[in-house]
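So you can see what is in the structure, the chains are spelled out below.
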Amino acid sequence: MQAHKYLLATIAILFAGQIAAQAADPKANTSTKDQAIEKTESTSTQAKDNIDKAEDTVKDILGDKKQSSSPASVPADAEALFITSKTAFSLDAKDESSMVDYIEWKPKNGEYRRFTQPIRIAEEGPTEIYYRSVDKAGNAETPKILVVNVDNTAPRVSLVPLEQLFVLDGVPFASKNNTYTIVAEDKQTGVASVNYSVNQEAPKAYAEPIKLENTGANLIKYSAADKSGNSSPESSIIITVDDVKPTIEIVPSFPLVEINGKNYQRKGNVFYVNATDKESGVKKVLVKIDEEEYKPYVEAIAVDSQGDHVIKAMSVDNVGNQSDEVEVKFSVDLTPPTSTIQKTTGEETKTEAPAAEGTKTTPAAEESK
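The subject of this paragraph is the sheet that holds strand β3 (residues 113-114). A sheet is described by the order of its strands in space; here five strands give the open sequence β1-β5-β4-β2-β3, paired in mixed fashion. Edge positions in the open sheet fall to β1 (81-83) and β3, since each of these has one partner strand only. With three bridges connecting them, β1 and strand β5 (residues 144-150) associate as parallel partners. Bridge assignment links Ile 83 to a residue of β5, and that residue is Val 150.

When we look at a pair of aromatic rings, we describe it by the centre distance and by the angle of the planes. Enumeration over the complete set of coordinates arrives at two aromatic pairs. Across from the ring centre of Tyr 112, 5.7 Å away, lies the NZ or CZ of Lys 106, which sits over that ring. For Lys 106, the ring lying beneath its charged end belongs to Tyr 130, and the centroid distance is 4.4 Å.

The strands that make up a sheet pair up through hydrogen bonds in the backbone, lying either parallel or antiparallel. Across the sheet, three strands lie side by side as β6-β9-β12; this open sheet has antiparallel pairing. Looking at strand neighbours, the two that pair on one side only are β6 (156-161) and β12 (210-211), the edges of this open sheet. As paired elements, strand β9 (residues 179-185) and β12 share two bridges and run antiparallel to each other. Bridge pairing in β12 places Thr 179 opposite Lys 211.

Calculation notes
Residues numbered from 1 in each chain as written. Predicted model: local features only at pLDDT ≥ 70, side-chain atom pairs only at ≥ 80, totals over all residues. Heavy atoms only, no water. Pairing = 2+ DSSP bridges. Helix = DSSP H or I, 4+ residues; strand = E, 2+ residues; numbered from the N terminus. Phe/Tyr/Trp six-rings, centres within 6.5 Å; stacked < 30°, edge-to-face > 60°. Lys NZ or Arg CZ within 6 Å of the ring centre and 35° of its normal.

Encoded structure:
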């Protein structure tokens, strides 16, 4: 400290001498009172500037001790290092003069402590690690800062189908047109990667919704990792793709009667609609009569109006597959036939009626006898 004062005084004297020399040998000018005042003020200002320069020179030579003890500040653009509590840090330092005496560190809101073993941060969330070294001459390094974000929680990940799955006896069914989005969430450090595989294929990075191409059972596995390296447990689901459309038929209670290429229904006839689906099952059956709109089938259909008719039917299974449309065309005849009776003569009757075998006929003359 004494050396610092002596050096500062020496430099100040040298600068003062330069100022005195300048004051003694001014440039040619008129010697008035105002000029004298201005010269005095100018000399005083220049002396102050030179003293400041002297102080700066001393700092350059001896170093600014205040700077080394001032608290460090985090740069505005400092990026956090994402870690878990398992991550350890070690400190090292070197000094080519008086050698390193010790290294110390502290968390953001803690006290400095000597570095003796690897550093681990248990508390989750963003924080700062301050560290510095001190040599054997007592010189302390300006504190340095490492910004870290501690995250010990793995991401949450789920598989979201575009169309809701239909579960039958514990088995999820879906149509071939369905797609699946993997949603991953990590509130601490953020999601770094999402991987998936289908039917034992090699895992690959998830980039767009998944579409299952194979009919039948499909196995999807998926997982996610955050920026700190935490990985979620691998999840899996088996989805059965139903790409088979239902079958449907219209059955009359009495067979239709074909007359001259036209089908007629018998009196009292009704029509039943049967639909089957061996995969996800039938969800609904729709029917329409003539020009009506499709409506749900609930009971046997009876048509009792005169004329030509058509019944159409279709069905949909539980994943949206639609059957082919089937139809039955028929006619309803409500007009009974008409009968006539004609009077006939006995003669005509005898003439027209053939004689029975073994019956003897005689002329009318003989009969009258």
